[in-house]
Amino acid sequence: MTFTRKLDQAWADSNSLLMVGLDPDPQRFPAELTDRPDAILQFCSAIVDATAPYVCGFKPQIAYFASRRAEDQLEALCAYIREHHPTLPIVLDAKRGDIGSTAENYAREAFERFDADAVTVSPYMGFDSIEPYLAWRDRGVIILCRTSNPGGSDLQFLTTDNGDPLYLRVAELVGTKWNTNGQCGLVVGATFPKELAAVRQRVGDSVPLLVPGIGAQGGDIPATVQAGGNAAGTGMMINSSRAILYASGGDDWREAAGRAAKATRDAINAVR
Ligand SMILES: O=C(O)c1cc(=O)[nH]c(=O)n1[C@@H]1O[C@H](COP(=O)(O)O)[C@@H](O)[C@H]1O
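- The chain is annotated in an unreviewed UniProt entry as Orotidine 5'-phosphate decarboxylase of Orrella dioscoreae.
- Checking UniProt for the chain, the heading Sequence similarities (unreviewed entry) contains the comment "Belongs to the OMP decarboxylase family. Type 2 subfamily."
- Per UniProt, the chain has the following entry under Pathway (unreviewed entry): "Pyrimidine metabolism; UMP biosynthesis via de novo pathway; UMP from orotate: step 2/2."

Structure representation (structure tokens):
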């Protein structure tokens, strides 16, 4: 099944636009996991089980694993999600971008080694740097557009030759030229609802948007839902990581993560 179909199905089955981001920071782990060599895998798989009923997918962030020499735990985590929650898409957040020959290897890493349903990539190096990912016809390619961080404005707000800011040129390119196989998405931060609305208007209803920035980064849920939704009331993977993962540092960390995910899903659904 293609990424897009799997995501459509997950939105329908889960009645949720929430994506839980898996950004494991061992310094914030509960005491019971201290000194376990597989603490990252144990933490993330418990969070996955606790939050799965309330989400449309999971987004592991590769740097949190690679920086701790824990790519093997990321592999095991992706396999765990596929086995125990096979209907929920995995978006590997890697934000890759490089020349084609190197991109082929990044694509193989994401789609073969980790067997992710989709990966995040940067558009900065242009179409030939994106093509190797698009060759994986059944996988999703989610392209940075208007990122959630303040410094994203340094380049993304620059005006281009036709008067559009750069982030809208990215949206336009993806919407009209790059997405020939219907497998592309765009990253737009919840911290920029006006720009989120502009991107949705530019690309129409069918392009899914990955929207990080609610929770720890303070993005407003009603403004996000109003700005980025499509006519079907779906169209977004609204990501929250730290606010869910570390909802409690006590013994109730699993239940607290589940409660936080449910509350976030409900807050989103209340304004859909
Ligand atoms: O591509 C992303 O996921 C991403 C893009 C962006 O513009 N902003 C952003 O925060 N992210 C990621 O989304 C997650 C946000 O985490 P929290 O702020 O803890 O919810 C992190 O994994 C970021 O790397």
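Next comes the rest of the account.
1. Points about the site of the ligand
Then step 1. Residues in close proximity to the ligand total 16 residues, the closest being Asp23, Ser148, Gln217, Ser241 and Arg242.
Then step 2. Asp93 is positioned such that a nitrogen or oxygen atom in its side chain is 3.0 Å from an oxygen atom of the ligand.
Then step 3. One of the side-chain N or O atoms of Arg242 is found 2.6 Å from an oxygen atom in the ligand.
Then step 4. Coverage of the ligand by the protein chains reaches 90% of its 500 Å² of free accessible surface.
Then step 5. Those elements that place two or more of their residues in the shell around the ligand are β3 (91-96) and β8 (236-240).
Then step 6. Residue composition of the shell around the ligand, grouped by class: four nonpolar, seven polar and five charged.

2. Considering the pattern of salt bridges
Then step 1. By the definition in use, this model includes 17 salt bridges.
Then step 2. The closest approach of N and O atoms between Asp115 and Arg139, which form a salt bridge, is 3.0 Å. With a gap of 24 residues between them, Asp115 in the loop between α5 (100-113) and β4 (118-121) and Arg139 in the loop between α6 (127-134) and β5 (140-146) connect regions that are remote in the sequence.
Then step 3. Judged by relative accessible area, Arg139 falls into the buried class, the value being 14%.
Then step 4. Ionic contacts of the salt-bridge type, sharing partners, join the residues Arg82, Asp115, Asp138 and Arg139 into one network.

3. Things to note about the UniProt feature "active site" (unreviewed entry) in the chain
Then step 1. Feature annotation in UniProt places "active site" (unreviewed entry) on Lys95, given in this structure's numbering.
Then step 2. With respect to the element layout, Lys95 can be found in strand β3.
Then step 3. Residue Lys95 is classed as partly exposed on the basis of its relative accessible area, which comes to 41%.
Then step 4. Those residues in contact with Lys95, other than ones at most four positions away along the chain, are Gln61, Thr120, Val121, Ser122 and Leu144.
Then step 5. Polar side-chain contacts of Lys95 include one of 2.9 Å to the side chain of Asp93.

Each value, and the rule that gives it
Residues numbered from 1 in each chain as written. Predicted model: local features only at pLDDT ≥ 70, side-chain atom pairs only at ≥ 80, totals over all residues. Heavy atoms only, no water. UniProt positions renumbered as here; feature names shortened; annotations may be inferred. Near = heavy atom within 4 Å. Polar contact = N/O pair within 3.5 Å; in protein donor to acceptor, adjacent residues only side chain to side chain. Areas by Shrake-Rupley, 256 points an atom, 1.4 Å probe, with all protein chains shown as cover. Helix = DSSP H or I, 4+ residues; strand = E, 2+ residues; numbered from the N terminus. Nonpolar A, V, L, I, M, F, W, Y, C, P; charged D, E, K, R; others polar. Salt bridge = Lys/Arg side-chain N within 4 Å of Asp/Glu carboxyl O. Buried < 20%, exposed > 50% of the residue type's maximum accessible area, 1.4 Å probe, protein only. Contact = heavy atoms within 4.5 Å.

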